[in-house]
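Survey of secondary and tertiary structure
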Amino acid sequence: MKRLTAFALALATCAAPLAAKGPAPRVIGAPAGNGGTPAIAEARADAPGYTFYRPAKWPKKRLPLVLWGNGGCRNNGLSASHFLREIASHGYVVIANGAPGEERPVLAALPPANGPRPTGAAPPRATPDETQVSQLLGAIDWAEKSDIARRVDFSRIAVMGHSCGGLQALAAGADPRIDAVVAFNSGVYVRAGSGLSGVGIVKDDLTKLHTPVAYIIGGPDDIAYPNAADDVARIAHVPVFHANSPVGHGGTFQMANGGDYGRIGAAWLDWQLKGSKAAGAMFAGTDCGLCKDKTWTVVRKQFPENP
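Notes on the structure follow.

Cut-offs used in this document
Residues numbered from 1 in each chain as written. Predicted model: local features only at pLDDT ≥ 70, side-chain atom pairs only at ≥ 80, totals over all residues. Heavy atoms only, no water. Buried < 20%, exposed > 50% of the residue type's maximum accessible area, 1.4 Å probe, protein only. Helix = DSSP H or I, 4+ residues; strand = E, 2+ residues; numbered from the N terminus. Pairing = 2+ DSSP bridges. Axes fitted to C-alpha atoms, helices over the stretch in contact; angles between N-to-C directions. Parallel < 35°, antiparallel > 145°, perpendicular 65-115°, else oblique. Left-handed = near helix turned anticlockwise from the far one by under 90°. Contact = heavy atoms within 4.5 Å. Nonpolar A, V, L, I, M, F, W, Y, C, P; charged D, E, K, R; others polar. Disulfide = S-S within 2.5 Å.

**Details of the pairing of strand S6 (residues 152-162)**
- Counting buried residues along S6, eight of its 11 residues qualify, which places the element largely inside the surrounding structure.
- Strand direction decides the pairing type here: strand S4 (residues 63-69) and S6, joined by seven bridges, are parallel. The residue bridging Leu65 from the neighbouring strand is Ile157, located in S6.
- Sheet analysis places S6 next to strand S7 (residues 180-184), joined by five bridges and oriented parallel.

Here is the structure:
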């Protein structure tokens, strides 16, 4: 009887940690993405300020980590869900700033681009930023202590964002843990203080970037166009890739699998974080993929001749 009691107690002790884990993550929407494994979006009760994207089937190897800042710095981690499922499907764990809110349907075609704003000012906005740079970088600290830590390769971390979230990405890019930066439809304001974003970054802060950085911009009608062009002109110490296509400030995030932005974003990450020469051929070399694409205009500085 004593042996049975001891055995039962041991079973209870082993089971206790499992019971203490709390509810399983809630899957949002259907798996999607053109990468090796369709990816899912998740909400987690233990991280209410974030939305997670990962391959639906965990691979055996650890995955690089990607941090995402939303357009408008909004508290909606589903604002670029189609794009972020595409990124995750290529073998990445993505943690987006903001709880999962509204997920918009896939667009069959892009809406007309907005008119140009040559001053580089942000559009009027009535509310302050709902998410912060500290929250974006805090996702690394959370992941290191969470149950997904064994799934993540913390030696390979990128940060990306759209518009105001792109400013968050540029600011977070100064962190020594970051290995690559992408700013979509974004750039530090040409006229300091002209925008309503609360992200604390000015032109001089661009010198703090220590990794390759890509600016993916929506053409002259993109309100971020003058800001990004000025950033690129100033950056003289790290490789910078600047690509424009006339899709407007909203980009192609709402297209199936994020449209061109999904294709370009995944390739940049595969090159920078995984060392893929095939992916790098989209950006580097005299015949780079985007260089030959007539829908894109490309500027490169401090850039390698070959991928």
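**Details of the packing of helix H3 (residues 133-145) against helix H4 (residues 164-172)**
- For the pair H3 and H4, interaxial distance at closest approach is 9 Å and the crossing angle is 60 degrees. Between H3 and H4, the angle falls in the class oblique. Note that H3 runs across H4; the crossing there is right-handed. Contacts between H3 and H4 involve Val133, Leu136 and Leu137 on the former and, on the latter, Gln168, Ala169, Ala171 and Ala172.
- In terms of residue class, the contact of H3 with H4 is built from six nonpolar, one polar and no charged.

**Brief notes about the state of the cysteines**
- This structure, assessed with the given rule, holds two disulfides.
- Here Cys73 pairs with Cys164 through a disulfide, and the sulfurs are 2.0 Å apart. Because the torsion about its S-S bond is -90 degrees, the bridge between Cys73 and Cys164 counts as left-handed. Pair noted here: Cys73 is in the loop between S4 and helix H2 (81-89) and Cys164 is in helix H4, with a separation of 91 residues, a long-range link. The same class applies to Cys73 and to Cys164, which are both buried.
- Disulfide pairing places Cys288 opposite Cys291 at an S-S distance of 1.9 Å. Because the sign of the S-S torsion sets the handedness, a value of about 90 degrees for the bond joining Cys288 and Cys291 places this disulfide among the right-handed ones.
- Since its relative accessible area comes to 0%, Cys288 is described here as buried.
- For Cys291, a relative accessible area of 32% gives the class partly exposed.
- In the protein chain, the bonded cysteines, numbered by position in the sequence, are linked as 1-2, 3-4.

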